[in-house]
Amino acid sequence: MRLPVVAVAAALAIPLAACGNGSSSGGGTPPPLALAAAGAADLAAPAAAGVKGNGGYRLSGSLPSGIPAPAHIRELSRGPVDRDAVTRLTSALQVGHPRRIGASWTAGSKLSVRDDTGQPWSYGQDVAVCSPPAAADQAVGCTSGSAVVTAAPGTSSGSGSGTSGRTVAPPPKPLKTIAAATAKTIATTVFNAAGVGSATTHVGSAGDGGVYVTADPIVSGLQTSGFTTSVTVGNTGRVLFGNGWLATTSEGPAYPLISARAAFEQLKMQPRPLAADMPCQIGKSCGMVEQVVTGATLGLSLQYRDNGRPVLVPSWLFSVVGLDQPIAQVAVEPRYLPGPSHPATEPTGKPSSVDPGPPTSTVPNPRPSSYTVSSDGRTLTVEYSVGVCPKADYVGTAKESATSITVIITAENIQPMDPDTACIELAQIKHTPVTLQAPLGSRPVRDEDGSEIQNLND
C-alpha cells in the first residue's frame, strides 16, 4: 500500500544565472571536492566524447532551463552530541536515560548516537513474529518474545492418526493496523526531538500492520535527499525502528553548477547491469526497465567524501514515476570532482581532458540484478555479474531507510593488471550476502541508480 506524499515545505524558486561564470559566489576558486563516488566526473568523459546514454531514463515533461548560480556545500557537525539533545531523543523513544560509552551515547539496548560526522543515531526494537500454526492441531502463542507451540483446545499433544473428535484451531484474527495519521503523529514527536525542523515527509505501509514515516529536512532553503530521518511505528503504536542525524550544518565552499539537462544526460550515462540484457528464464527476458523522469529540483544530496565523511552537495533531484524519493545527480561541475581516474588537482577553469588509458586498478561497482531474502528478513543474497578481470573480492553494503533499501556492491583487494594484458570479455555471475539492520518487510530494494532490484522470493 502506498500512502500519499505530504509536502511540508513549499517549492522554492531556483536562482539562475544567465550564463555559468565558473566562479564561486565567494569570488575565489573552490578546492576539489573529492567524493567517494565521483559519478559526475567519470560520466562527463563519455558525454564529452559524444557517447549517448543507455536509455534507462526517459524524460516526460520539462526540466528547469539555464545554469544555476554557484551553490555552497553544507558541512555536517561531528563530535560528542550534547547530552540534552540525546535526552530529548531518548524521551521521545521512551528508552530511559542516556549513558556515555566510548565514542557514542547509548540508552537501553537499542539506541546508539555516534560521534561520527553527522552524529548519526539508530534505534531498533526486536519484535516477536508469530507464524501461523504448522498443523491444524497446533496453536501458537507468544510469551517473552518467543513463539510457543501448544496443542489446540480439545486436543492432545501426542501423536495419532485421523482427526476424529479433534477441534481445529480457529483461524488467526485479522491483523491490527495502525492509522497513518496516528503513526505520523508519533513519528513527528521523534522528528521534533531529533531537531529535524521543516521537512518533506513520506508515509507508507511497513508491513505487519505498521507504518513508516520519513522526513527529508529543508536545509538552507533547499530540499534534501539522503539526509533522511525515518521512524517505523508498529501496529500497537510503539516505535520499532528509527535512524537519522542529529548534526547541524554549516556553509562550505560554493561550486559552479551544471544545468538540469546536463545532469540528466549524466544520469542516463549510469552503467546498467550486464544481466539486464541476458535471458533470465526460458521464455522471459530481464530487459532493462525504463524509468520515467517527470521533472527536477535543485537541492542537496547526502554524499560521502573519499575519506568516508558525509557532506551535503548541491544536486539535481529528479522526480521519477513510481518512486517516493527523488534520484539525485550531483550538480557540481565535473572539473571540481576528482575521482579514481581524475587526480585531485586545482581546477584551471577549463574542462579536464579525457584519460584515454584503461584503468588498471579500479573496478566499477557492479549493479545487482536480483536477490533472495533469508527467513528472518535480515539477510539479502544479492546476484550480480562482473568481468573476468581484473580479479577482485566483492562486498555488499546497504543504505537503509524506512522507505527503501539501496544495495551497493564494491570491489576490494583489486589485483592490478598490466595494460598490455588481454582480457576475455566474459561475464561471471556472483552472489554476495548483505546484512540489514532491520527486517526487509515490504521495503523495495534498489540499486545506486534507484532502479528496483528483482526479488526472487516473490
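A few words now on the overall build of the protein. When you go through the protein residue by residue, the secondary structure sums to four helices and 27 strands. When contacts within the protein are restricted to residue pairs at least 6 apart in sequence, long-range pairs at least 24 apart make up 67% of them. Split by element, the accessible area of the protein, about 23300 Å² in all, is 53% carbon and sulfur.

Let's shift gears to the sheet that holds strand 26 (residues 445-446). For sheets, the rule is that strands pair by backbone hydrogen bonds, running either parallel or antiparallel. What the three strands build is an open sheet, ordered 23-24-26; its pairing is mixed. Looking at the sheet topology across the chains shown, the edges are occupied by strand 23 (393-400) and strand 26. Bridge analysis of strand 23 against strand 24 (residues 405-412) gives eight bridges, and the strand direction is antiparallel. Within the sheet, the bridge partner assigned to Tyr-394 lies in strand 24 and is Ala-411.

Turning next to the packing of aromatic side chains. For any two aromatic rings, the description comes down to two numbers: the centre-to-centre distance and the angle of the planes. Following the criterion strictly, the structure yields four aromatic pairs and no others. Relative to Tyr-394, the ring of Tyr-384 lies with its centre 5.8 Å away and its plane at 55°, an arrangement referred to as tilted. Here the residue Tyr-384 occupies a position in strand 22 (residues 379-387), and Tyr-394 occupies one in strand 23, the gap between them amounting to 10 residues. Overall, the relative accessible area of 1% leaves Tyr-384 in the buried class. Exposure remark for Tyr-394: the relative accessible area of 14% places this residue in the buried category.

Running from amino to carboxyl end, helix 2 (residues 83-93) crosses helix 3 (residues 180-193) at an angle of 170°, the nearest separation of the two axes being 8 Å. The orientation of helix 2 relative to helix 3 falls into the category roughly antiparallel. Listed contacts from helix 3 to Ala-85, Arg-88, Leu-89, Ala-92 and Leu-93 of helix 2 are Thr-189, Val-190 and Ala-193. When the residues that make up the contact of helix 2 with helix 3 are grouped by side-chain class, the tally is six nonpolar, one polar and one charged.

Of note, Gln-119 is a non-glycine position whose phi angle comes to about 45°, a positive value. In this structure, Ser-220 takes a positive phi of about 50° despite not being glycine. Position of Ser-220 relative to the elements: it lies in the loop between strand 13 (210-219) and strand 14 (222-225). Among the residues examined, Ser-220 registers a relative accessible area of 54% and is labelled exposed.

So, on to helix 2. Within the sequence span of helix 2, burial applies to Ala-85, Val-86, Leu-89, Thr-90, Ala-92 and Leu-93. The arc enclosing the buried residues of helix 2, seen along the axis, measures out at 160°, which places them on a common side. Looking at the packing, one finds that the buried side of helix 2 touches strand 7 (104-107), strand 8 (111-114), strand 9 (120-124), helix 3 and strand 16 (239-245). The residue sitting at the N-terminus of helix 2 and contributing the capping side-chain oxygen is Asp-82; that oxygen lies 3.0 Å from the backbone nitrogen of Asp-84. Two residues or fewer after helix 2 comes Gln-94, characterised by a positive phi angle close to 60°.

Per the stated rule, a full pass over the model turns up nine salt bridges. For Asp-116, the salt bridge is made with Arg-114, and the minimal N-O distance between the two is 2.9 Å. Note on Arg-114: relative accessible area 37%, which makes it partly exposed. Across the pair Arg-335 and Glu-333 runs a salt bridge, and its minimum N-O distance is 2.5 Å. Assigned by exposure class, Arg-335 and Glu-333 land together as buried. What you see here is one network of salt bridges that share partners, running through Arg-261, Glu-265 and Lys-268.

Cut-offs applied
Residues numbered from 1 in each chain as written. Predicted model: local features only at pLDDT ≥ 70, side-chain atom pairs only at ≥ 80, totals over all residues. Heavy atoms only, no water. Helix = DSSP H or I, 4+ residues; strand = E, 2+ residues; numbered from the N terminus. Contact = heavy atoms within 4.5 Å. Areas by Shrake-Rupley, 256 points an atom, 1.4 Å probe, with all protein chains shown as cover. Pairing = 2+ DSSP bridges. Phe/Tyr/Trp six-rings, centres within 6.5 Å; stacked < 30°, edge-to-face > 60°. Buried < 20%, exposed > 50% of the residue type's maximum accessible area, 1.4 Å probe, protein only. Axes fitted to C-alpha atoms, helices over the stretch in contact; angles between N-to-C directions. Parallel < 35°, antiparallel > 145°, perpendicular 65-115°, else oblique. Nonpolar A, V, L, I, M, F, W, Y, C, P; charged D, E, K, R; others polar. Arc of directions from axis to C-beta. Polar contact = N/O pair within 3.5 Å; in protein donor to acceptor, adjacent residues only side chain to side chain. Salt bridge = Lys/Arg side-chain N within 4 Å of Asp/Glu carboxyl O.

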